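# Understanding the architecture of this molecule
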Amino acid sequence: MGKQKYLNEAVQLAVESVENKGGPFGAIITDKNGSIIGQGTNTVTKFNDPTAHAEIQAIRQACQAKQTFQLSDCILYTSCEPCPMCLGAIYWARIEKVYYAADQKLAAAAGFDDALIYEEIEKAPNERKILFQEISLEERNRPFEEWNDKPDKIKY
């Protein structure tokens, strides 16, 4: 199957999501052989979960299918350009490539505008609209020290 075929499937998932009271987003992940190993739709309002974006759902499903947290040999096809949260998840999962149909401008025109988030990311923590304040604790580095000393850790 080609890129457009998978993208059309992601768009169809998005349309079906709208019909089932979900958000207008769909995503598919394929492995190196082109087999679909994960798919998802936006179920934010359906499950009251602000992280339940289509890409996140597809990443979770693909990781379960592959029994790994890294999808470095996989491709993500999504109905829309990923938001900042999904972008972060894509990088954490180490997905090889991402193909999308609609861009940020089309999403914003439909009421899904991520501009504020992109603007906030660039600001210093103390200048953001939501309070971000570092509080110095004596034990603040202990989790990292424990991690560094752990001989059987799984690196990621």
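In this report, we go over the structure that sits alongside the text. What you are looking at is a predicted structure, and each value in this text was computed from that prediction instead of being measured. (Residues numbered from 1 in each chain as written. Predicted model: local features only at pLDDT ≥ 70, side-chain atom pairs only at ≥ 80, totals over all residues. Heavy atoms only, no water.)

Inspection of every chain in the model, using the stated rule, returns six aromatic pairs. Relative to tyrosine 156, the ring of phenylalanine 69 has its centre 5.7 Å away and its plane inclined at 75 degrees; by these criteria the two rings are edge-to-face. Taken as a pair, phenylalanine 69 in the loop between helix H3 (54-66) and strand E3 (75-80) and tyrosine 156 in the segment after helix H7 (142-149) lie far apart in primary sequence, 87 residues in all. Since its relative accessible area comes to 37%, phenylalanine 69 is described here as partly exposed. Ring plane angle 25 degrees and centroid distance 5.5 Å describe the contact between tyrosine 77 and tyrosine 99, whose orientation is recorded as stacked. (Phe/Tyr/Trp six-rings, centres within 6.5 Å; stacked < 30°, edge-to-face > 60°. Helix = DSSP H or I, 4+ residues; strand = E, 2+ residues; numbered from the N terminus. Buried < 20%, exposed > 50% of the residue type's maximum accessible area, 1.4 Å probe, protein only.)

The biggest cluster of nonpolar side chains holds 22 residues, and the ones touching the most others in it are Ile29, Ile59, Leu71, Leu76 and Ile95. Only strand E1 (23-30), H3, E3 and helix H4 (84-93) provide two or more residues apiece to this core. Not counting chain neighbours up to four residues away, the residues in contact with isoleucine 59 comprise Ile29, Leu71, Ala89, Ile90, Ala93 and Ile95. (Core = buried A, V, L, I, M, F, W, Y, C linked by side-chain atoms within 4.5 Å. Contact = heavy atoms within 4.5 Å.)

This paragraph deals with the pairing of E3. In terms of burial, E3 is a largely internal element, six of the six residues being buried. Two strands pair when backbone bridges link them, and E1 and E3 are joined in this way by four bridges, in the antiparallel orientation. Within the sheet, the bridge partner assigned to isoleucine 29 lies in E3 and is leucine 76. Taken together, the five bridges between E3 and strand E4 (residues 97-102) define a ladder with parallel strand orientation. Looking at E4, one finds that cysteine 80 is bridged to alanine 102. At this point the chain moves from E3, through H4, to the parallel E4, and the crossover so formed is right-handed. (Pairing = 2+ DSSP bridges. Right-handed = clockwise from strand over helix to strand, strands pointing away.)

What follows covers the sheet that holds E1. The pairing of strands in a sheet comes from backbone hydrogen bonds and takes either a parallel or an antiparallel form. In spatial order, the strands read E2-E1-E3-E4; together these four strands make up an open sheet with mixed pairing. The sheet is open, and its two borders are formed by strand E2 (36-42) and E4, each paired with just one other strand. Each strand axis lies, on average, 15 degrees off the axis of its neighbour in the sheet, ignoring direction. Taken together, the six bridges between E1 and E2 define a ladder with antiparallel strand orientation. Paired with isoleucine 29 across the two strands is glycine 38, which belongs to E2. Along the sheet, helix H1 (residues 3-19) contacts E1, E2, E3 and E4; its crossing angle with E1, the most-contacted strand, is approximately 145 degrees. (Axes fitted to C-alpha atoms, helices over the stretch in contact; angles between N-to-C directions.)

Before going further, it helps to examine the pairing of E1. In terms of residue burial, E1 counts as a mostly covered element, since seven of its eight residues are buried. In textbook terms, the turn of a hairpin is the stretch between consecutive antiparallel strands, and for E1 and E2 this stretch comprises five residues, one of which, glycine 34, has a positive phi near 85 degrees.

A separate point is the side chain of glutamate 120. In this structure, glutamate 120 sits in helix H6 (residues 115-122). Within the local environment of glutamate 120, its side chain forms a polar contact with the side chain of lysine 123, the two groups lying 2.9 Å apart. Residues contacting glutamate 120, with those up to four places away along its chain left out, are Arg128, Lys129 and Ile130. (Polar contact = N/O pair within 3.5 Å; in protein donor to acceptor, adjacent residues only side chain to side chain.)

Evaluation of the coordinates by the stated rule reveals five salt bridges. One salt bridge connects aspartate 73 with lysine 66, and the closest N-O pair in it is separated by 2.8 Å. The exposure class assigned to lysine 66 is partly exposed, which follows from its relative accessible area of 29%. Across the pair aspartate 152 and lysine 150 runs a salt bridge, and its minimum N-O distance is 3.0 Å. Judged by its relative accessible area of 53%, aspartate 152 is exposed. (Salt bridge = Lys/Arg side-chain N within 4 Å of Asp/Glu carboxyl O.)

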